[in-house]
Amino acid sequence: MKIIGTGSALPKKVVNNDMLSDFLETSDEWITTRTGISTRRIITDERFEDLATEAAARAIDAAGLCPDDIDYIVCSNVSNLYITPHLSSIIMGNLGMKGPVCPTMDVNAACVGFVQSLDVCDALLATGRAHNILLVAAEECTRFCDWNDRNCAVLFGDGAGAVVLTKGNSLISSKITTIPMPDVIVYRNPMEATPFETREGIDTHSALVMKGREVFRMAVTSAARDIARVTEDAGLKLEDIDHFLLHQANLRINEAIRENLRQPQEKFPTNVQRFGNTSSASIPLLLDEGIREGRIKQGDTILMSAFGAGFVSGVLILKY
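Conventions used here
Residues numbered from 1 in each chain as written. Predicted model: local features only at pLDDT ≥ 70, side-chain atom pairs only at ≥ 80, totals over all residues. Heavy atoms only, no water. Helix = DSSP H or I, 4+ residues; strand = E, 2+ residues; numbered from the N terminus. Buried < 20%, exposed > 50% of the residue type's maximum accessible area, 1.4 Å probe, protein only. Contact = heavy atoms within 4.5 Å. Disulfide = S-S within 2.5 Å. Pairing = 2+ DSSP bridges. Axes fitted to C-alpha atoms, helices over the stretch in contact; angles between N-to-C directions. Parallel < 35°, antiparallel > 145°, perpendicular 65-115°, else oblique. Left-handed = near helix turned anticlockwise from the far one by under 90°. Nonpolar A, V, L, I, M, F, W, Y, C, P; charged D, E, K, R; others polar. Core = buried A, V, L, I, M, F, W, Y, C linked by side-chain atoms within 4.5 Å. Arc of directions from axis to C-beta. Polar contact = N/O pair within 3.5 Å; in protein donor to acceptor, adjacent residues only side chain to side chain. Expected span 1.5 Å × (residues − 1).

Quick look at the side chain of serine 170
And then number 1: Counting through the fold element by element, serine 170 comes out in the loop between strand 7 (158-166) and strand 8 (171-181).
And then number 2: Look at serine 170 and you get buried, because its relative accessible area is 11%.
And then number 3: Those residues within four positions of serine 170 in sequence are excluded, and the remaining contacts are Met1, Lys2, Ile317, Leu318 and Lys319.

Structural data, given as structure tokens:
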């Protein structure tokens, strides 16, 4: 595969740390010291699916295509308002594509969803199952936060990023790994399956639960390990990488990974300070921003690394 277009979209509502301290026992200093986050974008009166569609439309336009040129849609998403239908089918309709047109598929790999979906799309293109793939990563993380829990609520933001992929040889190496640790980051369906007779009185509220210290340890360990393996498999050295696009979970995590790799700070762009943790949308948001601002140029070697619930780690190296 190769990337021929990128796009992104963000909610208009900016929430800074001082606004959170109005109702949480926290402060700007407490949040920035532990996470590096100053502001985040939160969906208010927008519709989540419209945000995803906006990012998709911008990526298609950047690729010089029209929606009808797309013959496969993949969407990375963990926070769709609907359990069904899947978000990729909603995006298709919003783009004005009249069915039956092409396959649509959602991927739920939490924060690793975009990287894992790139790997899947490469296989689809290699086998001739598709020619132009729209890949969207759209997340409304703030919808499943407990806004009384300062350890979680301060971390997340909403956003969407998208890419258009076509046949090419940009992918150099990739590795997706999972360690079965489901209790590290958990968000349970508020309407868990319950026998009909006992449904009355069930507490349907549920919120994201995260073991922060364990996530920190697993993220740094997994990312450093898999980055080393993928770079070696590609026959490259870390010095050959122009840009390290890491999942934007926490600035302290990313700095620990950078220090472990002993690479200069200028190779590690960040947006978590402004957008918070946008789950699988964080890397395509970084990518689109870097390309549109001219920092990422054709021919650059990019390493993407993400980590999240599962516990899943994904690393991918490509030539832009």
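After that view of the structure, there is still more to cover.
Comments concerning the state of the cysteines
And then number 1: Enumeration over the complete set of coordinates arrives at zero disulfides.
And then number 2: Unpaired in this structure, cysteine 121 has its nearest cysteine sulfur neighbour in cysteine 75, at a distance of 11 Å.
And then number 3: No disulfide involves cysteine 152; its nearest neighbouring cysteine sulfur is the one of cysteine 145, lying 6.1 Å away.
And then number 4: Given the relative accessible area of 3%, cysteine 152 is considered buried.

Describing the sheet that holds strand 7
And then number 1: Pairing is mixed across the open sheet formed by five strands, whose spatial order is 1-7-6-4-5. Lying at the two open borders of the sheet, with one neighbouring strand each, are strand 1 (2-9) and strand 5 (104-107). Strand-to-strand twist in this sheet, taken as the mean axis angle between neighbours without regard to direction, amounts to 20°.
And then number 2: Relative to strand 7, strand 6 (residues 132-140) is paired through nine bridges, and the arrangement is antiparallel. What sits directly across from isoleucine 133, in strand 7, is leucine 165.

Comments concerning the packing of helix 3 (residues 48-62) against helix 4 (residues 87-94)
And then number 1: The geometry of helix 3 relative to helix 4 is characterised by a closest axis approach of 9 Å and an angle of 65° between their N-to-C directions. Put simply, helix 3 runs roughly perpendicular to helix 4. Crossing angle aside, the handedness with which helix 3 passes helix 4 is right-handed. Of the residues in helix 4, those in contact with Phe48, Glu49, Asp50, Ala52, Thr53 and Ala56 of helix 3 are Leu87, Ile90, Ile91 and Asn94.
And then number 2: Considered class by class, the residues forming the contact of helix 3 with helix 4 number six nonpolar, two polar and two charged.

As for the nonpolar core
And then number 1: Judged by nonpolar contacts, the single largest core of 41 residues is most densely connected at Ile227, Ile257 and Phe307.
And then number 2: Listed by contribution, the elements that provide at least two residues to this core are helix 2 (28-35), helix 6 (150-153), helix 7 (212-233), strand 11 (243-246), helix 8 (251-261), strand 12 (301-308) and strand 13 (310-319).
And then number 3: Counting residues per element, this core draws most heavily on helix 7, which supplies seven residues.
And then number 4: Grouped together as the second largest cluster of nonpolar side chains are 32 residues, Cys121, Leu124, Leu171 and Leu316 included.

Side note on helix 8
And then number 1: Taken together, the buried positions of helix 8 are Ile253, Asn254, Ile257, Arg258 and Leu261. Viewed along the axis of helix 8, the buried residues span an arc of 135°, placing them on a single side of the element.
And then number 2: Here the buried face of helix 8 lies against helix 7, strand 11 and strand 12.
And then number 3: N-cap assignment for helix 8: the residue whose side-chain oxygen lies 2.7 Å from the backbone N of arginine 252 is asparagine 250.

Thoughts on the environment of leucine 81
And then number 1: In this fold, leucine 81 is placed in the loop between strand 4 (72-76) and helix 4.
And then number 2: Between the C-alpha atom of leucine 81 and that of tryptophan 147, which follows or precedes it by 66 residues, the distance is 18 Å.

A closer look at unusual backbone geometry
And then number 1: In this structure, alanine 110 is a non-glycine residue whose phi angle is positive, near 55°.
And then number 2: Tracing the chain through its elements places alanine 110 in the loop between strand 5 and helix 5 (113-126).
And then number 3: Phi is positive for arginine 262, close to 60°, though the residue is something other than glycine.
And then number 4: If you trace the backbone, arginine 262 turns up in the loop between helix 8 and helix 9 (272-275).

A look at helix 7
And then number 1: Look at helix 7: 31 Å from first C-alpha to last across 22 residues, which is about the 32 Å you get at 1.5 Å a residue.
And then number 2: Regarding helix 7, the residues found buried are Val215, Met218, Ala219, Val220, Ser222, Ala223, Ala224, Asp226, Ile227, Val230 and Thr231.
And then number 3: Remark: glycine 235 follows helix 7 within two positions and exhibits a positive phi of approximately 70°.

Some points on the environment of aspartate 28
And then number 1: Its place among the elements puts aspartate 28 in helix 2.
And then number 2: Here aspartate 28 falls in the partly exposed class, since its relative accessible area comes to 34%.
And then number 3: Remark: the alpha-carbon pair of aspartate 28 and valine 154, spanning 126 residues in sequence, is separated by 10.0 Å.
And then number 4: The contact partners of aspartate 28, leaving out residues within four places of it in the chain, are Asn17 and Asp18.

So, the environment of leucine 118
And then number 1: Considering the arrangement of structural elements, one finds leucine 118 in helix 5.
And then number 2: For leucine 118, a relative accessible area of 0% gives the class buried.
And then number 3: When the C-alpha positions of leucine 118 and serine 76 are compared, they lie 10.0 Å apart, and in sequence the two are 42 residues distant.
And then number 4: Non-local contacts of leucine 118, meaning those with residues more than four positions away in its chain, are made with Met1, Leu135, Val163, Leu165, Met304 and Leu316.

Scope: geometric values only; no functional claims are made or implied.
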